[in-house]
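In case you want the letters, here they are:
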Amino acid sequence: MKLQAIFGVTLLGLALLMSGCAGKRIDVKNSGFFKDYDELHSSDNYSAQKSLKEFDMSKYKTILIAPVLVIPAISIEQQTPSQKKLYKEISDYLSDGYKREIQSSKRYKLVETKGADTLILETAVSTVEVHFEDEKWNQFSPIAMDITVTSYNSYIDENVRVLGEKRIVDAATGEILAESMNIVKDEKIILNSDALEFREIKPALDSWIAHIRNYFSK
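Owing to the predicted nature of the structure, the values given are computational and were not obtained by experimental measurement. Sequence order as written defines the numbering, with residues in each chain counted from 1. Where local features are concerned, this predicted model is filtered to residues with pLDDT of at least 70; where side-chain atom pairs are given and counted, the filter is 80 or more; whole-chain, interface and lining totals use all residues. Each side-chain value is derived from all of the structure's non-hydrogen atoms; neither hydrogens nor water enter the calculation.

## Topic: the nonpolar core
Okay, step 1: Counting residues in each nonpolar core, the largest one holds 42 residues, and the members touching the most others are I90, L94, Y98, I201 and F216.
Okay, step 2: For this core, the elements supplying multiple residues, two or more each, are β3 (62–65), α2 (81–103), β6 (118–130), α3 (152–156), β8 (160–170), β9 (176–184) and α4 (198–215).
Okay, step 3: Of all the elements, α4 adds the most residues to this core, at eight residues.
Okay, step 4: Discounting chain neighbours no more than four positions away, the residues touching I90 are V70, V125, M145, F198, I201 and L205.
Okay, step 5: Definition of nonpolar core: a set of buried residues of the types Ala, Val, Leu, Ile, Met, Phe, Trp, Tyr and Cys, connected through side-chain atoms within 4.5 Å. Relative accessibility thresholds used throughout: buried, under 20% of the residue-type maximum; exposed, over 50%; partly exposed, between the two (1.4 Å probe, protein chains only). Core analysis: the next-biggest nonpolar cluster, separate from the first, contains twelve residues, Y37, L40, F140 and I183 among them. Secondary structure follows DSSP: runs of H or I at least 4 residues long count as helices, runs of E at least 2 residues long count as strands, and numbering of each begins at the N terminus. A contact between two residues is defined here by any heavy atoms of the two lying within 4.5 Å.

Shown next as structure tokens:
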């Protein structure tokens, strides 16, 4: 608690030196991973999806895993070496998790090249502040994937969650078949120091990997 108190005072001092914009809620509701979010339809308060066309999953036999995009909401210029290391660790962990699940699947084979019966899985993860008092599924704000002046209170209040987004693409045609996004709402990100560590976000990443496994087991 002492560390948090000291860090909080430091952040408050920095905030007072800023223009005043830091304390305002960012109203942007998406990460930018999808080109268009308008047609996403919610099935519950924490997820949404859209199918761009009717397609038969059973006709696809192989899956190609695209590199996982981590959206930290911190510019590359401002990222510290430890933050860059964390984001790479997250991307590698998710990629390995996807591949492990596909390899154990009886329905699909993991491939490295495109084929006529291949689906491409493209995904992104970010962190968001969830506004639990709001009923609509998209009442959340993108937030830095680490401790900053504007993100500190949200992490301390345990309102930060991982947001996973996925896009399914026909490898042969390049056509986008489906897009969806899910907030991993049951896994709080609980800080144990003054910086986000992999072990604190790992439970949410494991839940996202389980979501991918369940999607391809349909």
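## Side note on α4
Okay, step 1: Here the expected span of a helix is defined as 1.5 Å times the quantity of residues minus one. For α4, built from 18 residues, the straight-helix expectation of 26 Å at 1.5 Å per residue is met to within 8% by its first-to-last C-alpha distance of 25 Å.
Okay, step 2: We define the bend at each residue as the angle formed by axes fitted to the 7 residues ending at it and the 7 residues starting at it. Taken as a whole, α4 carries its principal kink of about 25° at A204.
Okay, step 3: Within α4, the full set of buried residues consists of F198, E200, I201, A204, L205, W208, I209, A210, I212 and Y215.
Okay, step 4: Its buried side turned inward, α4 meets α2, β6, β8 and β9.

## Some thoughts on the pattern of salt bridges
Okay, step 1: When a carboxyl oxygen of Asp or Glu lies within 4 Å of a side-chain nitrogen of Lys or Arg, that pair is called a salt bridge. Counted according to the given criterion, the structure contains seven salt bridges.
Okay, step 2: K185 is the salt-bridge partner of D186, the closest N and O atoms lying 3.2 Å from each other.
Okay, step 3: With a relative accessible area of 63%, D186 lands in the exposed category.
Okay, step 4: Under the relative-accessibility criterion, K185 is labelled partly exposed at 35%.

## Considerations on the packing of aromatic side chains
Okay, step 1: Two rings belonging to Phe, Tyr or Trp (six-membered ring only in the last case) form a pair when the distance between their centres is within 6.5 Å. Interplanar angles under 30 degrees mark stacking, angles over 60 mark edge-to-face geometry, and anything in between is tilted. Within the structure shown, the criterion is met by five aromatic pairs.
Okay, step 2: Relative to F198, the ring of Y93 lies with its centre 5.2 Å away and its plane at 75°, an arrangement referred to as edge-to-face. Placement of the pair is Y93 in helix α2 and F198 in helix α4, with a sequence separation of 105 residues.
Okay, step 3: Taking relative accessible area as the criterion, Y93 reaches 23% and is therefore assigned partly exposed.
Okay, step 4: Residues Y108 and F216 carry aromatic rings whose centres are separated by 5.7 Å and whose planes lie at 80° to one another, so their mutual orientation is edge-to-face. Residue Y108 is found in the loop between α2 and β5 (109–111), and its partner F216 is found in the segment after α4; the two are separated by 108 residues along the sequence. Judged on exposure class, the residue Y108 and its partner F216 are both buried.
Okay, step 5: The aromatic ring of F33 is capped on one face by R167, whose charged end is 4.2 Å from the ring centroid. Geometrically, a lysine NZ or arginine CZ counts as sitting over a ring once it is within 6 Å of the ring centre and also within 35 degrees of the ring normal.

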